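Fold and geometry: a report
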Amino acid sequence: MRVMAQIAMVMNLDKCIGCHTCSVTCKQLWTSRPGVEYVWFNNVETRPGQGYPRRYEDQERWRGGWKLTRRGRLVPKAGGRARRLASIFANPLLPNIRDYYEPWTYDYESVAQAPPGDDFPVAPPRSLISGERMDNITWSGNWDDNLGGMPQHESDDPILARIQEKIRLEFEQAFMFYLPRICEHCLNPSCVASCPSGALYKRVEDGIVLVDQDRCRGWRMCVTGCPYKKVYFNHRTGKAEKCTFCFPRIEIGLPTVCSETCVGRLRNIGVLLYDADRVPKAAATPREQDLYPAQLGVFLDPHDPRVAAEAERAGIPHDWLIAARRSPVYDLIVTYGVALPLHPEFRTLPMVWYVPPLSPVVEAITASGHDGEDHDNLFAAIDVLRIPVSYLAELFTAGDEEPVRRSLRRLAAMRTHRRRLNLGDPVDPSIAESVGFTVDQLEDMYRLLALAKPEDRYVIPTAVAGDVRALEEAPLGCSLDYEGGPGMGGGAGSGPFGEASGRPAPIAVETFHGLRERSTADSASRASLRHGQVNLLNWDARSDPEGLFPPREGTKAEAEGAREEQRRGVDGSDRLAAGPGEIQLRPPDERRPQ
Amino acid sequence: MPSLIDVFLWGALPYMCVALLVTGLVWRYRYDRFGWTTRSSELYEKRVLRLASPMFHFGLLAVLAGHILGLFVPMSWTQAVGLSEAAYSWMAMTFGLVAGVLTLGGIALLVWRRRTTGPVFLATTVNDKIMYLFLLAPLCLGFVTTFMNASTLHYNYRTSVSPWARSLFVFQPDIELMARTPLEYRVHAVAGLLLFAVVPFTRLVHAYAAPVHYLFRPYIVYRARDPRFVGTAGPHRGWQRGDI
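Scoring rules and cut-offs
Residues numbered from 1 in each chain as written. Chains lettered and ligands numbered in written order. Predicted model: local features only at pLDDT ≥ 70, side-chain atom pairs only at ≥ 80, totals over all residues. Heavy atoms only, no water. Helix = DSSP H or I, 4+ residues; strand = E, 2+ residues; numbered from the N terminus. Buried < 20%, exposed > 50% of the residue type's maximum accessible area, 1.4 Å probe, protein only. Contact = heavy atoms within 4.5 Å. Areas by Shrake-Rupley, 256 points an atom, 1.4 Å probe, with all protein chains shown as cover. Phe/Tyr/Trp six-rings, centres within 6.5 Å; stacked < 30°, edge-to-face > 60°. pLDDT = per-residue confidence, 0-100. Salt bridge = Lys/Arg side-chain N within 4 Å of Asp/Glu carboxyl O. Axes fitted to C-alpha atoms, helices over the stretch in contact; angles between N-to-C directions. Parallel < 35°, antiparallel > 145°, perpendicular 65-115°, else oblique. Nonpolar A, V, L, I, M, F, W, Y, C, P; charged D, E, K, R; others polar. Pairing = 2+ DSSP bridges.

As recorded in an unreviewed UniProt entry, chain A goes by Nitrate reductase subunit beta and comes from Nonomuraea phyllanthi.

Have a look at this one:
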């Protein structure tokens with residue numbers, strides 16, 4: 001057993017209202033730069049629909065993910081190492097920019113500059129790829145949002161094409177739901193396997209899959225390798241970029257931006273422990289429908305003392321183990337079994353899972369004259385849902401309908417159970433038992449899915465648990481400390497290669513020296529540390545150390561003189577004005593002797 | 001007695017170019033690892049690239065192999081294995097012409113694509129344009145040389161250019177030998193040497209990132225977090241070493 005920890009996410013699709021807030025905030029944070037205009041680390045697609053990039057799920061065309069050879073060996077579907085290297089000069093499996101969409105901006109200038117007139121000025125679109133004006137915008141990241149253009153594009157959904165039943169997409173009987181997608185941070189990532197340079201890697205500590213920008217050489221194989229098409233090519237820098245699971249936030253215990261800003265509060269983040277030794281075997285499970293149970297078999301029970309001991313031996317910090325025990329993700333995936341992986345048949349063992357959507361069923365039953373919240377009616381109705389179970393099964397379990405049905409029945413049971421309580425009816429334990437739960441479990445699941453506060457939805461141990469000192473030293477630079485900025489810094493220290501070279505002394509070292517100087521000096525404290533810098537932590541608010549304020553005018557000599565006068569002023573008359581323990585609030589200019 | 005210019009071209013320039021190549025690569029690796037990329041434009045346009053890029057690259061690899069064979073394998077060796085001068089020459093010409101046609105055809109298509117495809121042209125920098133000059137010059141000159149040799153001259157460069165090239169490695173360049181070769185060989189050699197010199201400072205540097213180690217590594221790469229980079233702020237600023 002080789003225990004590893006993975007930060008994972010579960011999204012509750014029942015709560016997604018398709019507002020795209022996650023996508024927008026993610027874009028603001030990560031991809032609002034030239035070269036990645038077309039890139040959405042997080043996107044929300046309407047299902048049925050083509051997705052983004054178009055028809056990315058069609059692996060007969062894009063050949064992402066893994067395949068089993070006839071001898072049962074796991075190789076990237078696009079071909080092994082030699083095959084990848086042979087197609088390195090032109091990768092026929094790379095999507096074109098038009099498979100995503102051609103990003104554009106608007107000529108806002110033409111509105112601002114429009115002369116007065118009777119007509120409203122307009123801002124024509126301009127391509128960010130060719131720089132030319134576009135006549136028509138014909139596609140974008142979610143052009144088929146809310147089934148837009150659906151009858152026309154019906155045949156373009158690879159899943160619709162695969163399922164047997166006749167799906168009606170006429171207006172009255174249409175169904176849809178939203179699928180927010182980020183990188184899956186797979187346990188068996190095929191993007192990592194496809195990278196010739198070895199620039200993509202899975203982090204040992206938290207399982208986040210990242211691109212080393214200094215090692216990426218732009219061979220573009222990862223874009224092909226990822227079956228979810230969640231690795232993107234920055235066309236300006238010529239490097240691959242992907243969702244980072246907001247690792248700088250995760251490392252200090254904050255949820256990802258997409259989770260934090262999610263209006264429906266549908267995202268859960270937590271730690272899962274898994275056995276890395278079992279991963280290759282699970283990914284090589286022969287039958288695609290068995291991949292979901294096989295992946296469940298990879299996860300370890302953090303409550304098991306043996307697992308805890310092994311985790312400790314593997315160097316997993318104790319608070320990560322505690323977090324794994326409190327993990328909402330573990331509960332939804334393993335304990336309640338309501339969350340399902342997205343496209344397990346790609347054999348990457350994805351780690352962003354989904355609670356399938358149930359919502360429309362209640363209205364559908366109520367509309368047909370039955371009690372939509374009654375659990376017998378609900379269970380029976382699951383098979384005639386507007387969102388066909390077969391469609392969900394193609395998304396989440398490689399076509400095996402049983403796990404989807406079980407998940408939906410559990411959600412339905414939770415609903416009926418809570419309804420009885422709300423109406424003041426007695427608790428009916430048979431409801432919980434009919435889905436293999438106890439009443440308490442059903443209540444717990446309800447609490448997690450409906451009520452959970454951020455601290456329950458996001459159980460994120462920090463990266464620095466065992467290394468607090470490093471965290472203290474990490475944010476060395478002040479954001480105001482740039483050349484000419486309020487911090488007057490710009491790397492004021494002079495290193496061996498001139499200004500701003502070398503590394504600044506750690507703050508703790510400065511603080512140590514500052515404190516010692518203060519406690520041993522004869523005169524009033526001098527908080528001044530290096531030339532022109534003041535550690536405000538040590539400043540007693542009485543003296544006016546050198547460098548606290550910028551020189552006012554003229555040469556350095558003049559400034560020195562002014563400072564000298566100033567010092568005298570403070571030590572003399574002004575000192576009397578301020579009582580003991582009071583802080584002088586007058587701005588420095590006023591204190592200058594006239 | 002070789003003239004001063006001959007001494008410079010055949011005794012000094014090769015070492016200067018190689019020195020530039022090596023120091024340039026080291027410099028680029030230390031200070032611009034982020035810029036060390038193919039800067040592929042495949043995302044913009046694929047149809048032409050799919051044909052032209054493999055043509056050019058595989059052609060170029062063949063050209064490279066031919067040069068290594070012609071310059072660094074002494075004539076006595078090939079004759080020792082029973083390959084007569086005429087047979088060798090015929091083989092080299094055929095091979096060289098095919099490789100040359102592939103390479104030149106490929107790069108012609110690529111340049112045409114770069115000029116005519118809007119987004120690709122937009123992404124072309126001044127550095128790229130200069131690079132094309134340095135790249136095209138030795139390619140065209142080399143092709144002309146091969147072609148002339150094949151049609152009329154039948155000049156045996158393996159008794160002049162090749163020994164000179166090998167003499168460079170023992171730091172005793174045989175300047176006389178090279179100075180007496182036909183003009184087209186000399187111009188081609190200078191252009192080729194200059195190409196070596198500019199490689200580290202252009203996008204051609206991606207040739208030195210050829211991912212051969214991919215063949216030998218496990219598929220999944222695990223890496224531990226760098227302890228220097230906990231949290232968002234790195235400890236470095238301003239002048240920084242390339243390895244962080």
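Moving on from the model shown.
Summing up its helical and strand segments, chain A has 27 helices and 16 strands in all. Counting over 594 residues, chain A shows a buried share of 53%. Nonlocal contacts in chain A, meaning residues at least 24 apart in sequence, comprise 68% of its contacts between residues at least 6 apart. Accessible area of chain A: about 26700 Å², with a carbon and sulfur share of 53%.

Bringing the packing of aromatic side chains into the picture now. Residues and elements named next belong to chain A. All told, the structure shown has 25 aromatic pairs over all chains when counted by the stated rule. Between Tyr292 and Trp353, the ring centres sit 5.9 Å apart and the planes meet at 55°, which makes this aromatic pair tilted. Taken together, the residues span a long stretch of sequence, with Tyr292 in helix α13 (residues 291–296) and Trp353 in strand β14 (residues 352–355) at a distance of 61 residues. Overall, the relative accessible area of 4% leaves Tyr292 in the buried class.

So, about helix α7 (residues 161–169) of chain B. All names here are of chain B. Every buried residue belonging to α7 is among Val161, Ser162, Trp164, Ala165, Ser167 and Leu168, and all of these are buried. The elements touched by buried residues of α7 are α1 (4–31), α2 (47–72), α8 (175–179) and α9 (183–198). Once α7 finishes, Phe171 follows within two positions and takes phi at roughly 60°, a positive value.

A separate point is the confidence of the model for chain B. Note that predicted coordinates carrying low pLDDT should not be read in detail. Across chain B, the average pLDDT comes to 88, with 92% of residues at or above 70. Confidence drops under a pLDDT of 50 for residues 235–244 of chain B, and excluding neighbours within four residues, the segment shows 30 contacts in the predicted structure.

With that settled, consider the pattern of salt bridges. All names here are of chain A. The full count for this structure, using the stated rule, is 34 salt bridges over all chains. Among the ionic pairs, Arg47 bridges to Glu57, the shortest N-O distance being 2.8 Å. On the criterion of sequence distance, the pair formed by Arg47 in strand β2 (residues 43–47) and Glu57 in the loop between β2 and α2 (59–62) is long-range, its members being 10 residues apart. Residue class for Arg47 comes out buried when judged on its relative accessible area of 0%. Looking at Glu57, the relative accessible area reads 2%, which means it is buried.

With that out of the way, let us pick up the packing of α2(B) against α7(B). Residue and element names in this part refer to chain B. Across the interface, α2 lies against α7 with an axial gap of 7 Å and an inter-helix angle of 85°. When the axis of α2 is compared with that of α7, the two are roughly perpendicular. Across from Gly70, Leu71 and Phe72 in α2, the residues of α7 making contact are Val161, Ser162, Ala165, Arg166 and Phe169. Here the residues of the contact of α2 with α7 sort into 5 nonpolar, 2 polar and 1 charged.

So, on to the sheet that holds β14(A). Residue and element names in this part refer to chain A. If you trace the 4 strands from one edge of the open sheet to the other, you get β12-β1-β14-β13, paired in mixed fashion. For this open sheet the edge positions go to β12 (267–275) and β13 (340–341), each flanked by a neighbour on one side alone. Across 2 bridges, the pairing between β13 and β14 is antiparallel. Of the residues in β14, the one forming a bridge with Pro341 is Trp353. Contacting β1 (3–12) and β12, helix α15 (residues 318–325) crosses the sheet at an angle of about 115° to β12. Across the sheet, helix α16 (residues 328–335) is in contact with β1, β12 and β14; its angle to β12 comes to roughly 70°.

Moving on, we get to unusual backbone geometry. Residue and element names in this part refer to chain A. Look at the link from Arg47 to Pro48: it is a cis peptide, with omega at 0°. Omega for the bond connecting Tyr52 with Pro53 falls within 30 degrees of zero, at -5°, which places this linkage in the cis form. The residue Pro53 is located in the loop between β2 and α2 in this model. The residue Lys229 is not glycine, and still its phi comes out positive at about 50°. Relative to the helices and strands, Lys229 is located in the loop between α9 (221–225) and β10 (231–234). Positive phi, normally seen in glycine, also occurs at Ala398, with a value near 55°.

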